Amino acid sequence: GGKDAGWPRPACGSEELSMRQLIWLYWGCVFLMYLSQVYYPTSMQLEGPQTGRCHFMLRKADVFMIAAIVWMTCFSFLRTSYNDTGTYIAHFMDSESVADYFARNGLLDWTGNPLSELYRDAMRDITTNYHIYFFFPAFLSSFAVVKLCKKYSVSPALSLLVFFSIGTYVMYIAALKQCFAMFFLLLALPYAIDKKYVRFYLLVFVAVLFHTHAFMFAIVPLLFGKPWGKVTIAFFGAALFAMATYDATLGAFMEYAQSMGALVAEIEVFDNNAINVLRVAVYWVPALLALVFRKRLFSDSTRAANLFANMSLISAFILMIGLVQAANLFARMAAYFEIATAITLPWMIKKLFTKRSAQYVTACAAVLYFIYFLYEFGVSKGFGSGYSSITLWQFITSLFGG
């Protein structure tokens, strides 16, 4: 006790203030990505040969991208509460030393998120300030998302808007382990696109050691065919089967996972909380566009375009299972693939419409997704009542305080 003396407390604020901060972040970062594309345009993202073969993470970030990354990072790592934040803080403050971690062979517990534990213990050896612990996953995930949108999206601003609207960013705030895993999975994507599968699977394996559910990314090499082909129809059929036989199928899967030593709690799988139908409908937008306009969209599409479209389909299929129950579990699992929706939707709009019409449709999409965002976080999830944070200045002074 006493180690967190002089600890920065949450800045005074109401629910309205927290929600207003989130809306400022939303539109501010979207505008920054718009300026990035205006002043530092990139082209040929999902069409034709890739411009420059270097990994998207290695490409230089412009000043607007850097500003968006900093803003997104700060909003995340300066939090004092939201969702599982209190649990993460408690585990951080009570964590063992790195020496103890290795003494009990913690790294060999492959189904127990060992790299997440090692990271937590290493940070606790260094500091008692949990904001420093939150900083690295917040920064790495924000960095990867902004870079990914810039490299692959035909409209980085719309992509970031969709990313915020469907809740992926807020999910990264809520789930630190999954946030870390996503960084490595996003790093792995270009290797899958270039058929460098050894590097791809090595990065997926690292992600699994941060969060077990990342193993689902192993299916990515199957997702390069045309959407609504044999592979995606098979996954769709599997999702429908899982819904129809939920208790038997998911019960058997849970028992098998537990026998392998995986951390699967029965309350997560059988919690009687079904996912909101509206949310599933929003996730299905790219899937329906891909189905109705399959020929126009994919007659000459690239591997990368097919991949992002198929990933958005997979996220919709996974979320759909949550209509039965286990809303939180399936929302978190769908989140591994849902960022692809942010990449594929602008590409679909650009390909289906003339330039003038595409601008109108983009504006309509932006308004509708923002309305959904307000509903999801202002009404459904009550973000404002759950989120609180300190200011950047309070964090900086805490580094030099007692």
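Note on numbering: residues in each chain are counted from 1, in written sequence order. With pLDDT at 70 or above as the cut-off, local features in this predicted model cover only qualifying residues; side-chain atom pairs require 80 or more to be listed or tallied, and sums for whole chains, interfaces and linings still use all residues. The basis for every side-chain value is the complete set of heavy atoms in the structure, and neither hydrogens nor water enter the calculation.

A. Main features of the overall build of the protein chain. For the protein chain, the count of helices and strands is 22 helices and 2 strands. For 402 residues, the compact-globule estimate of 2.2 N^0.38 gives 21 Å, and the C-alpha radius of gyration of the protein chain, at 21 Å, lies within 12% of that figure. C-alpha extents for the protein chain along the principal axes are approximately 65 × 50 × 40 Å. Residue burial is assigned from relative accessible area. The probe radius is 1.4 Å, only protein chains are included, and a residue is buried under 20% of its type maximum, exposed over 50%, and partly exposed in between. Considering the protein chain as a whole, with its 402 residues, one finds that 54% of them fall into the buried category. Whether two residues touch is decided by their heavy atoms; if any such pair falls within 4.5 Å, the residues are in contact. Of the contacts made within the protein chain by residues no fewer than 6 positions apart, 82% connect residues no fewer than 24 positions apart. All accessible areas in this document rest on Shrake-Rupley with a 1.4 Å probe, and a residue is counted as covered only by the protein chains that are shown. Surface exposure of the protein chain reaches about 17,800 Å², of which carbon and sulfur atoms provide 66%. When charges are counted, Lys and Arg are positive and Asp and Glu negative, with His and the chain ends excluded. The atoms used to mark charge sites are NZ of Lys, CZ of Arg, CG of Asp and CD of Glu. Side-chain charges in the protein chain split into 30 positive and 22 negative, and the spacing between the mean points of these groups amounts to 17 Å. Elements are defined by DSSP. Helices are runs of H or I of four residues or more, strands are runs of E of two residues or more, and each kind is numbered from the N terminus. We compute the radius of gyration over the C-alpha atoms and compare it with the globule rule, which gives 2.2 Å times the number of residues raised to the power 0.38.

B. The packing of aromatic side chains, seen in detail. Here a pair means two rings of Phe, Tyr or Trp (six-membered ring of Trp) with centres within 6.5 Å. Their orientation is stacked below 30 degrees between planes, edge-to-face above 60, and tilted elsewhere. All told, the structure shown has 45 aromatic pairs when counted by the stated rule. With a centroid separation of 5.0 Å and 70° between ring planes, the pair formed by Tyr26 and Trp27 is classed as edge-to-face. Look at Trp27 and you get partly exposed, because its relative accessible area is 36%. Ring centres of Phe200 and Tyr201 lie 5.0 Å apart, and the angle between their planes is 75°; on these two criteria the pair is classed as edge-to-face. Residue classification places Phe200 among the buried residues on the basis of a relative accessible area of 0%. For Tyr201, a relative accessible area of 37% corresponds to the partly exposed category. Its guanidinium or amino end placed over the ring of Phe92, Arg124 lies 5.8 Å from that ring's centre, counting from NZ or CZ. Any Lys NZ or Arg CZ that is within 6 Å of a ring centre and within 35 degrees of that ring's normal is treated as a charge sitting over the ring.

C. Main features of empty space enclosed by the protein. Put simply, the grid is 1 Å and covers the protein atoms alone, a cavity is a trapped set of points that fit a 1.4 Å probe, a pocket is an open set with protein on both sides within 12 Å along at least five of seven lines, and lining residues have an atom within 4 Å of a point. Grid points are joined across faces, edges and corners, and a volume is the space filled by probe spheres set on the points. Scanning the entire structure with this criterion turns up 1 cavity of 30 Å³ or more. In this structure, the largest cavity is lined by Ser76, Arg79, Phe134, Pro137, Ala138, Tyr172, Ile173, Leu176 and Cys179. Of all elements in the fold, only α6 (130–152), α8 (168–174) and α9 (176–193) reach the threshold of two or more residues within the lining of the largest cavity. Examining the composition of the lining of the largest cavity, we find that 3 residues originate from one element, α6, more than from any other. Split into classes, the residues belonging to the lining of the largest cavity amount to 7 nonpolar, 1 polar and 1 charged. The nonpolar class holds Ala, Val, Leu, Ile, Met, Phe, Trp, Tyr, Cys and Pro. Asp, Glu, Lys and Arg form the charged class, and all remaining residues, Gly among them, are polar.

D. Representation of unusual backbone geometry in the model. Despite not being glycine, Asn105 has its phi angle at roughly 55°, a positive value. Tracing the backbone shows Asn105 in the loop between α4 (98–103) and α5 (114–126). Relative accessible area serves as the criterion here: at 47%, Asn105 is assigned to the partly exposed category. One non-glycine residue, Asn113, adopts positive backbone phi at about 55°. Note on placement: Asn113 falls in the loop between α4 and α5.

E. Local environment of the side chain of Arg332. Within the secondary structure, Arg332 is located in helix α18 (residues 327–334). Classification of Arg332 by relative accessible area gives buried; the value is 17%. Contact partners of Arg332, with chain neighbours within four places excluded, come to Asn83, Asp84, Met171, Ala174, Ala175 and Gln178.

F. Looking closely at the confidence of the model for the protein chain. Confidence of the predictor in every single residue is expressed as pLDDT, which spans 0 to 100. Averaged over all residues, the pLDDT of the protein chain is 89; the fraction at 70 or higher stands at 91%. Here residues 1–13 is modelled with pLDDT under 50, and outside its nearest four sequence neighbours on either side it reaches 21 contacts, counting other chains as well.

G. View of the pattern of salt bridges. Here, a salt bridge means any Lys or Arg side-chain nitrogen found within 4 Å of an Asp or Glu carboxyl oxygen. As enumerated under the stated definition, the model contains 8 salt bridges in all. Residue Arg104 pairs with Glu96 through a salt bridge whose shortest N-O separation is 2.8 Å. Exposure remark for Arg104: the relative accessible area of 41% places this residue in the partly exposed category. For Glu96, a relative accessible area of 23% translates into the label partly exposed. For Arg279, the salt bridge is made with Glu376, and the minimal N-O distance between the two is 3.9 Å. With Arg279 in helix α14 (residues 277–283) and Glu376 in helix α20 (residues 355–380), the pair connects residues that are 97 residues apart, well separated along the chain.

H. Fine view of helix α19 (residues 339–352). What a helix should span is 1.5 Å times the count of its residues minus one. The end-to-end C-alpha separation of α19 is 21 Å, in line with the 20 Å expected for 14 residues at 1.5 Å each. Counting buried residues along α19, 12 of its 14 residues qualify, which places the element largely inside the surrounding structure. Three or more residues of α19 are buried, namely Ile339, Ala340, Thr341, Ala342, Ile343, Thr344, Leu345, Pro346, Trp347, Met348, Ile349 and Leu352.

I. View of a nonpolar patch on the surface. Each patch is assembled from residues with relative accessible area greater than 30% and no salt bridge, linking like charges that lie within 9 Å and nonpolar side chains (Val, Leu, Ile, Met, Phe, Trp, Tyr) that lie within 5 Å. Taken together, the side chains of Phe31, Tyr34, Val38, Tyr39, Tyr40 and Val63 present a nonpolar region at the surface, about 650 Å² in accessible area. Tracing the backbone through its elements, the reader meets Phe31 in helix α1 (residues 15–39).

J. Molecular detail of the environment of Phe163. The residue Phe163 is located in helix α7 (residues 156–165) in this model. Since its relative accessible area comes to 1%, Phe163 is described here as buried. Taking C-alpha positions, Phe163 is 5.5 Å from Ala342, a pair spaced 179 residues apart along the chain. Excluding residues within four positions of it along the chain, Phe163 makes contact with Met72, Val145, Thr168, Tyr169, Tyr172, Ile339 and Ala342.

K. Broad picture of the state of the cysteines. To count as a disulfide, a pair of cysteine sulfur atoms needs to be within 2.5 Å. Summed over all chains, the structure comprises 0 disulfides. Of all cysteine sulfurs, the one in Cys29 lies closest to Cys149, which takes part in no disulfide; the gap is 11 Å. The structure places no disulfide on Cys179, whose sulfur is separated from the nearest cysteine sulfur, that of Cys74, by 14 Å.

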